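# Structural overview
Each chain is listed here by its residues.
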Amino acid sequence: MLDQDHEKEHRRGRPRSEAAERAILEAVVKLLEEGVPLGTLSIERIARTAGVGKATIYRRWQGKEELFVDVLREIEPPDAPLPGTSALDDLRVMLESMRRRGLAQRSSALLHNVAVQMKSQPRLWEEYHRTVVEPRRRATMGVIARGVASGELRDDLDVALLHDMLIGPMLLRTLHRPGAPLDEDLAERIISTALQGLSPRTPSP
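Because the structure is predicted, anything quoted here is derived from the model rather than measured.

## As for the pattern of salt bridges
- One pass over the full model with this rule turns up 19 salt bridges.
- The partner of Lys54 in a salt bridge is Glu44, and the shortest N-O contact between them spans 3.3 Å. Here Glu44 lies in helix H3 (residues 43-50) and Lys54 lies in helix H4 (residues 54-60), a separation of 10 residues in the sequence.
- For the salt bridge of Arg154 with Asp156, the shortest nitrogen-to-oxygen distance reads 2.8 Å. For the pair Arg154 and Asp156, one class covers both residues: exposed.
- Beyond isolated ion pairs, a larger network of salt bridges with shared partners links Glu21, Arg60, Asp70 and Arg73.

## Considering helix H2 (residues 18-33)
- The first and last C-alpha atoms of H2 sit 22 Å apart over 16 residues, in line with the 22 Å expected at 1.5 Å per residue.
- Buried positions along H2 lie against H3, H4, helix H5 (64-75) and helix H7 (109-119).
- The backbone nitrogen of Ala19 has a side-chain oxygen 3.3 Å away, supplied by the residue at the start of H2, namely Ser17.
- Two residues or fewer past H2, Gly35 is found with a positive phi of approximately 95 degrees.

## Here's the deal with the layout of surface pockets
- Of the voids in this model, the largest pocket is the one considered here, and its volume is about 780 Å³.
- As for the largest pocket, its lining consists of 31 residues, of which Met98, Arg101, Val133, Arg136 and Leu171 are closest to the centre.
- Every element with two or more residues in the lining of the largest pocket is listed here: helix H6 (87-107), H7, helix H8 (122-150) and helix H9 (159-176).
- Of the residues forming the lining of the largest pocket, the biggest block, nine residues, is contributed by H8.
- Across the lining of the largest pocket, the residue classes break down as 17 nonpolar, eight polar and six charged.

## What to know about the packing of H6 against H8
- Their axes nearest at 8 Å, the elements H6 and H8 cross at an angle of 155 degrees. With respect to each other, H6 and H8 are oriented roughly antiparallel. Every pair of crossing elements has a handedness; the one defined by H6 and H8 is left-handed. Side by side, H6 and H8 meet where Ala87, Asp90, Leu91, Met94 and Arg101 of the first sit next to Arg136, Ala139, Thr140, Val143, Ile144, Arg146 and Gly147 of the second.
- Its residues placed into classes, the contact of H6 with H8 shows six nonpolar, two polar and four charged.

## Observations regarding the side chain of Thr174
- Within the secondary structure, Thr174 is located in helix H9.
- A polar contact of 2.8 Å, which involves the side chain of Thr174, links it to the backbone oxygen of Met170.
- Polar side-chain contacts of Thr174 include one of 3.4 Å to the backbone oxygen of Leu171.
- In contact with Thr174, other than residues within four places in its own chain, are Met98, Arg99, Gly102 and Leu182.

## Some points on H3
- Among all positions in H3, only Ile43, Ile46, Ala47 and Ala50 are buried. Along the long axis of H3, the arc covered by the buried residues comes to 100 degrees, so they all point the same way.
- Where H3 is buried, its residues contact H2, H4 and H5.
- Positive phi shows up at Gly51, right after H3, with a value of about 75 degrees.

## Quick look at the nonpolar core
- With 29 residues, the main nonpolar core has Val28, Leu32, Leu41, Ile46, Ile57, Leu67 and Phe68 as its most contacted residues.
- The set of elements that each furnish at least two residues to this core consists of H2, H3, H5, H7 and H8.
- Counting residues per element, this core draws most heavily on H2, at seven residues.
- Excluding anything up to four places from it in sequence, Leu41 contacts Val28, Leu31, Leu32, Val36, Ile46, Lys64 and Phe68.
- Counting residues in hydrophobic clusters, the runner-up holds 19 residues, among them Leu95, Val148, Leu182 and Ile190.

What counts, and at which threshold
- Residues numbered from 1 in each chain as written.
- Predicted model: local features only at pLDDT ≥ 70, side-chain atom pairs only at ≥ 80, totals over all residues.
- Heavy atoms only, no water.
- Salt bridge = Lys/Arg side-chain N within 4 Å of Asp/Glu carboxyl O.
- Helix = DSSP H or I, 4+ residues; strand = E, 2+ residues; numbered from the N terminus.
- Buried < 20%, exposed > 50% of the residue type's maximum accessible area, 1.4 Å probe, protein only.
- Expected span 1.5 Å × (residues − 1).
- Contact = heavy atoms within 4.5 Å.
- Polar contact = N/O pair within 3.5 Å; in protein donor to acceptor, adjacent residues only side chain to side chain.
- 1 Å grid on protein atoms, 1.4 Å probe; cavity = no way out; pocket = protein on both sides within 12 Å on 5 of 7 lines; lining within 4 Å.
- Points joined across faces, edges and corners; volume = space filled by probe spheres on them.
- Nonpolar A, V, L, I, M, F, W, Y, C, P; charged D, E, K, R; others polar.
- Axes fitted to C-alpha atoms, helices over the stretch in contact; angles between N-to-C directions.
- Parallel < 35°, antiparallel > 145°, perpendicular 65-115°, else oblique.
- Left-handed = near helix turned anticlockwise from the far one by under 90°.
- Arc of directions from axis to C-beta.
- Core = buried A, V, L, I, M, F, W, Y, C linked by side-chain atoms within 4.5 Å.

Structural data, given as structure tokens:
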């Protein structure tokens, strides 16, 4: 009896299987690629496709929303590491990551369809915002605040407003204008335009 209890404790405390986690994520992608709508995917079907038990899924994810967000992270281009040399350099990298995600969504039917379907499911959309969008926003706000503190950016404007002024143009082109150009120098042009302002240049004497 003691040996059985010990074995139960061992199973309960052992690390999650990376192979099982990979199989689960790949199973969801496989089903989506086969055309199964996101809203109809069940834990039972995912477990069957992955060759694992439902309990294996629930040990890693509390529900479908958390699992689907991780699947979206899996198929999206990863965020590039920040150089940390200056706030402006970090902002350029962040904007470039946004541009690359926009390009990926345009070129990948799977990524596009998942994003569209996700917006029609309030709980999933809320989970994506809570665990992906909001952390990215906080990170960008932190970089902007660092730029204000270092003197790279104006200190007489609200940090949230500076965030929206820099991030807004990229969001507009990647999310709301699917035909808008996403040129390689777009991140640099957004930052340069914001730094130069909208006033006309003073003619040279």
